[in-house]
Amino acid sequence: MVATVTRELVSVNPATLEPVGSVWRTEPGELPGIVASARAAQERWWTLGPAARARVLREAARVVLAHADEIVDTIVAETAKPRTEAVANELSAAVDHATWLAKHAPRVLADERVRFSQLHLKTKKAWLLYEPLGVVAAITPWNLPFGIPFCEAATVVAAGNGVVLKPSELTPLSGDWVRRVLEEAGVPAGLVQVVHGEGPVGEALVGDAGIAKVFFTGSVPVGRRVAAAAGARGCPVVLELGGKDPMVVFADADLDRAVDGALYASFLNAGQACVSAERIYVERAIYEEFAQRLSGRARELKLGDEVGPLISERQRDTVERLTGAERPERDGWFLEPKVIREGLPDEEIFGPVVTVEPFDGEDEAVGRANDTEFGLAASVWSRDLAKARRVSRRIEAGMVWVNDFGYSFSAGQAPWGGVKNSGFGRTSSKHGLYECVYVKYVDSDRGRLRPVWWFPYDVETERALLASLDVLYGSGLRRWRAAWRYRKELRHLVRRSR
């Protein structure tokens, strides 16, 4: 008997364990044709110019708002996160990024004039051109199943590229909304492709010769495999990987605000955020009160309404193993929010568990914050803003917030990304746009002067070139004295340039 292979990929609600919809699974062998289709559309898209692309992005923001309830319904159906979180952290990010890109991408990526102060280059005019890569792959996670892929895809197409998106197999329907929104806004058919499936589809996408760059958001082990596979064929990558993010609370902090911030930073999305606060360090003078208040507030959070389930049984089991978190008496993949007064191994939890420990003084706070292989984000809480800025500069992280948490994900002008094992490269902002282009240097020269360093070589020219360095790059009187001392050699260079 020949086994029947289904190509239907089913999405399941993690709170009820009921299926919520399905899409067709992409076979790895289909990837070359899909990438080629995106490339053909990209060539048309690039010729439209920056003003036309900006109009489409402005329209994309409007389309997101027009379909806001439907998009939120899909996100909640696939993740069971609270609706407020879907709106605040996903829709807001999408609308803000599309609006910012529409306004600023044409300026950021406009041809840039290169100015020459060197005397021997005064006859030249030069520019930097920011040109699209072609087709870019985006492999995105389930924890922000619309916000992350939309912001990345919008940035990619704003720079003139096509995109092939592989959303998580756990949230395929939310990922499909990215293509639907951008096509309704006016991108050419085929420019934004969405493929579905597990690891083999991602592997085929990363290995496809038509993919010019890969943006990957996910775990450290998988990110390393993506980087290795892409690097084997010379393809660059941007990696946004895990975090073990610290929150540093000084004794002079606004305690009410710090506890509120810690509650949100720790249990947002049931702790399933790369920038979740997993390690809280509190100055000893307020440690006991802070820990008691945070523990009490955590117990008051409502499962389902404020803290959703983990995305899968596998994820729930992993968090239980790492932390001993307790499973409540209810359906779905829920865990009780938990505050632990001791450190845990340097491994990302990705669940509703946070550790709280005391520290003494700035140096210890910074040392403990940096004592991790990760470096995605951090926050510092203090009324003394000079101290907060000082500590922020010493923390090894891609983003550090003061008396706040995470808001910059939804701000188009703010770069997003980490250091150390949390990845490299940036999404969002002008830096995210620069990740989507290659820089071409072009110049203009009438060709009236012959470069003095061309053939033929001779001893006199060698001495003259050496002498000219003092004249060109010397400072103050040394430069003028060199011009007089080497006037004979300089005349030789003038003769060679004719």
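Residues numbered from 1 in each chain as written. Predicted model: local features only at pLDDT ≥ 70, side-chain atom pairs only at ≥ 80, totals over all residues. Heavy atoms only, no water.

### Some details on the sheet that holds strand β3 (residues 112–114)
Spatially, 3 strands are ordered β3-β4-β17 in an open sheet, and the strand pairing comes out antiparallel. Two strands lie at the open edges of the sheet, namely β3 and β17 (437–444), each paired on one side alone. Across the sheet, the mean angle from the axis of one strand to that of its neighbour is 30 degrees, orientation sign disregarded. Pairing geometry for strand β4 (residues 125–132) and β17, over 8 bridges, is antiparallel. (Pairing = 2+ DSSP bridges. Helix = DSSP H or I, 4+ residues; strand = E, 2+ residues; numbered from the N terminus. Axes fitted to C-alpha atoms, helices over the stretch in contact; angles between N-to-C directions.)

### A look at the pairing of strand β1 (residues 8–12)
Every second residue of β1 is oriented toward a common face, the buried set being L9 and S11 and the non-buried set E8, V10 and V12. Alignment of β1 against strand β2 (residues 19–24), held across 5 bridges, turns out to be antiparallel. Paired with V12 across the strands is P19, a residue of β2. Joining the antiparallel neighbours β1 and β2 is a turn of 6 residues, in which L17 adopts a positive phi near 65 degrees. (Buried < 20%, exposed > 50% of the residue type's maximum accessible area, 1.4 Å probe, protein only.)

### Some points on the sheet that holds strand β11 (residues 277–283)
Reading across from one edge, β12-β13-β11-β10-β14-β15 is the order of the 6 strands in this open sheet, with parallel pairing throughout. Of all strands in the sheet, those bounded by a partner on one side alone are β12 (338–340) and β15 (399–402). Going from strand to strand, the sheet's axes swing by 20 degrees on average, the running direction of each strand aside. Of the pairings in the sheet, the one linking β11 to strand β13 (residues 353–359) comprises 5 bridges and is parallel in character. Considered in β13, the bridge of R279 is made with T355.

### With respect to the packing of aromatic side chains
If you walk through the whole model with that rule in mind, you get 9 aromatic pairs. Among the aromatic residues, those joined into a ring-pair cluster are Y264, W401, F405, F409 and W416. The ring of F250 has K387 lying over it, and the distance from NZ or CZ to the ring centre is 4.3 Å. Over the ring of W484 we find R487; its NZ or CZ atom is 3.9 Å from the centre of that ring. (Phe/Tyr/Trp six-rings, centres within 6.5 Å; stacked < 30°, edge-to-face > 60°. Lys NZ or Arg CZ within 6 Å of the ring centre and 35° of its normal.)

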